[in-house]
Amino acid sequence: MVRRALGTVARRLLVAGGADVRGRHQRRHDLLIVCYHGVTAAASADHWLHLPARAFEAQIAHLAAHYRCLPLDDALAALAGPGLDAPAACVTFDDGYRNNRTVAAPILARHGVPATIYLNTGLLGRADGLWTTRLEFAIASSPAASLDLAALGLDQVALGAPATRSATARRLVARLKRLPRAERRQAEAAVLAAAGAGEPRLPADFTFMDWDDVRALGDSGLVTFGGHTRHHEIVSRLDDADLADEVAGSIRDVTDAVGPALSRTFAYPNGTPDDYDDRAIAMLAAAGAVGAVTTRPGRNAPGTPPYELRRVVVGAWDGVDDFRLRCAGVLNAG
């Protein structure tokens, strides 16, 4: 707690001293891409993925005031061509949650800030959420005191308090993400069975948009859409046939549905260097994508590989000073 307080004070002093202003100026030729997931109408956040609307609006107002906010495709064209001569930023969302339309989009419209939303096209219109979210909530609501995970080659895991359950869920999700898809699905089923809570009921913020939501946002002229696979599969874990279905298939789904609201970019699920590979990059190029975003921290210089674009990933626990400093490149942007 003391360390966190000291960090908060240090960040406040850096901002008060103009560190973010200097950072923006020094990096004015680089492109900032910000990554969100969801924005909740609730007064406070219950999950890292969904920022409260008030915090999100403060961040968007900051970007609108201090950066030239561009559609991502336009920004990439400028970065590859004449270059950027003033601080520029792009706003992106991963997954396609319904609150992107109901909560986030009106805020973006008030500030005139465009955004690109990356869609899990096979999950649109569904309320059952990502497998990672289902597993997390199943562990949180499990009536069991411990999980018997011998089927996964793991020892029995004690559950206990909510913080312990959250930590257990994070460890299991990280482990399962490393598995090939078929093995991961078997392991996921084993964890859900061990939790013994049945299919978890997810909060409304984890509901996905449907295609009508997508088309309505596209008609606004402020939002473009790209692929994010069909089922949020980590592409480096897929065989060639599944890779084609998830990557090229999601691009086709978006292309067929959104018309002029298409972004020719893609977002890798999870997005670390281990989560995509040369096969995926080649497939993206063949499918007509001109770039792809990762979750690798940092900003994008003219020489940044276009299929390995970096982003500042923002969660609900990030303070305003932290946001300003990370966007300006003063702090580690991850």
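Along each chain, the written sequence defines residue order, and numbers are assigned to residues from 1. Given that the model is predicted, a residue must reach a pLDDT of at least 70 before its local features are reported, and side-chain atom pairs must reach 80 or more before they are shown or counted; all residues, however, enter totals for whole chains, interfaces and linings. For the side-chain quantities, the full set of heavy atoms in the structure was used; hydrogens and water were omitted.

(A) Up close: the nonpolar core. Buried Ala, Val, Leu, Ile, Met, Phe, Trp, Tyr and Cys residues form a nonpolar core when they are joined through side-chain atoms within 4.5 Å. Three exposure classes are used, based on accessible area relative to the maximum for each residue type with a 1.4 Å probe and protein chains only: buried under 20%, partly exposed in between, and exposed over 50%. Ranked by internal contacts, the top residues of the largest apolar core, which has 38 residues, are Y36, F56, I60, L63, V91, F93 and F225. Strands here are runs of E lasting at least two residues and helices are runs of H or I lasting at least four, both read from the DSSP assignment and numbered beginning at the N terminus. Considering every element that reaches this core, the biggest residue donor is helix α5 (residues 99-111), with five residues. Formed by 17 residues, the second largest nonpolar core is a distinct cluster that contains A138, I139, L149 and L159.

(B) Spotlight on empty space enclosed by the protein. Only protein atoms enter the 1 Å grid used here, on which a cavity is any set of points holding a 1.4 Å probe that cannot leave and a pocket is any open set flanked by protein within 12 Å on both sides along at least five of seven lines; residues with an atom within 4 Å of a point are listed as lining. Grid points are joined across faces, edges and corners, and a volume is the space filled by probe spheres set on the points. Evaluation of the coordinates by the stated rule reveals one cavity of 30 Å³ or more. Volume-wise, the largest cavity comes out at about 100 Å³. Lining the largest cavity, in full, are W131, T132, K177, L179, R181, R184, H232, E233, I234, R237, L238 and N270. Contributions of two or more residues to the lining of the largest cavity are made by α6 (131-141) and α8 (181-195). Lys, Arg, Asp and Glu make up the charged group, whereas Ala, Val, Leu, Ile, Met, Phe, Trp, Tyr, Cys and Pro make up the nonpolar group; the residues left over, Gly among them, are polar. Residue classes in the lining of the largest cavity are distributed as four nonpolar, three polar and five charged.

(C) Spatial organisation of unusual backbone geometry. Positive phi values are uncommon outside glycine, yet T229 reaches one of about 70°. Residue placement: T229 occurs in the loop between β9 (223-227) and α10 (240-258). A positive phi angle is found at H232, which is not glycine, with a value near 55°. By secondary structure assignment, the location of H232 is in the loop between β9 and α10. The exposure class of H232 is buried, given its relative accessible area of 14%.

(D) Structural detail: the pairing of strand β10 (residues 262-267). Two strands pair under a simple rule: DSSP has to find at least two bridges between them. In this structure, β9 lies alongside β10, joined through two bridges in parallel fashion. Along β10, the bridge assignment pairs G227 with F266. Crossovers are described as right-handed under a simple rule: with the strands pointing away from the observer, the path leading from the first strand over the helix to the second runs clockwise. Crossover connection from β9 via α10 to parallel β10: handedness right-handed. Here β10 pairs with strand β11 (residues 291-293) via three bridges, running parallel. Paired with T265 across the two strands is G291, which belongs to β11. Read from β10 through helix α11 (residues 278-286) to β11, the crossover connection turns out right-handed.

(E) Geometry of the pattern of salt bridges. Here a salt bridge means any side-chain nitrogen of Lys or Arg lying within 4 Å of a carboxyl oxygen belonging to Asp or Glu. Following the criterion strictly, the structure yields 24 salt bridges and no others. Residues D322 and R11 are paired through a salt bridge, measuring 3.0 Å at the closest nitrogen-oxygen approach. Residue D322 is located in helix α12 (residues 320-327), and its partner R11 is located in helix α1 (residues 2-16); the two are separated by 311 residues in the primary sequence. Salt bridges linked by common partners bring R134, R181, R184, R185, E188, E233, D242 and E246 together as one network.

(F) Representation of the packing of aromatic side chains within the structure. To pair, rings of Phe, Tyr and Trp, with the six-membered ring standing in for Trp, must have centres within 6.5 Å; the planes then decide the type, stacked if under 30 degrees apart, edge-to-face if over 60, and tilted in the middle. Taken as a whole and assessed by the stated rule, the structure comprises eight aromatic pairs. On the numbers, 6.1 Å between centres and 90° between planes, the contact of Y97 with F206 is edge-to-face. Pair noted here: Y97 is in the loop between β5 (88-95) and α5 and F206 is in the loop between α8 and α9 (211-219), with a separation of 109 residues, a long-range link. This pair shows no difference in class: Y97 is buried, exactly as F206 is. On the numbers, 5.1 Å between centres and 10° between planes, the contact of Y97 with F208 is stacked. On the criterion of sequence distance, the pair formed by Y97 in the loop between β5 and α5 and F208 in the loop between α8 and α9 is long-range, its members being 111 residues apart. Neither residue differs from the other here; Y97 and F208 are each classed as buried.

(G) Representation of α5. Given the number of residues in a helix, its expected span is that number minus one, multiplied by 1.5 Å. Taking 1.5 Å per residue as the helical rise, α5 with its 13 residues ought to reach 18 Å, and the 17 Å between its terminal C-alpha atoms agrees with that figure. The bend reported for a residue corresponds to the angle between axes fitted to the seven residues ending at that residue and the seven starting there. Residue A105 marks the point of greatest curvature in α5, where the axis turns by about 40°; the proline P106 follows within four residues. Of the residues making up α5, those classed as buried are N99, N100, V103, A104, A105, I107 and L108. The contact rule is simple, with two residues in contact once any of their heavy atoms fall within 4.5 Å. Residues of α5 that are buried in the fold lie against β2 (38-40), β3 (50-52), α3 (53-66), β5, β6 (115-119) and α9.

(H) Just the layout of surface pockets, in detail. In this model, the largest pocket occupies a volume close to 990 Å³. Forming the walls of the largest pocket are 37 residues, and the residues nearest its centre are H47, W48, L49, E136 and R170. Contributing elements (two or more residues each) for the lining of the largest pocket: β5, α6 and α7 (162-177). A total of seven residues in the lining of the largest pocket trace back to one element, the largest contributor, which is α7. Considering only residue class, the lining of the largest pocket consists of 17 nonpolar, 12 polar and eight charged.

(I) Structural view of the environment of A280. Structurally, A280 can be placed in helix α11. When its relative accessible area of 1% is taken as the criterion, A280 is described as buried. Residues A280 and A248 lie 32 residues apart in sequence; the distance between their C-alpha atoms is 9.3 Å. Filtering out sequence-adjacent residues up to four positions away, A280 remains in contact with V235, L243 and Y268.

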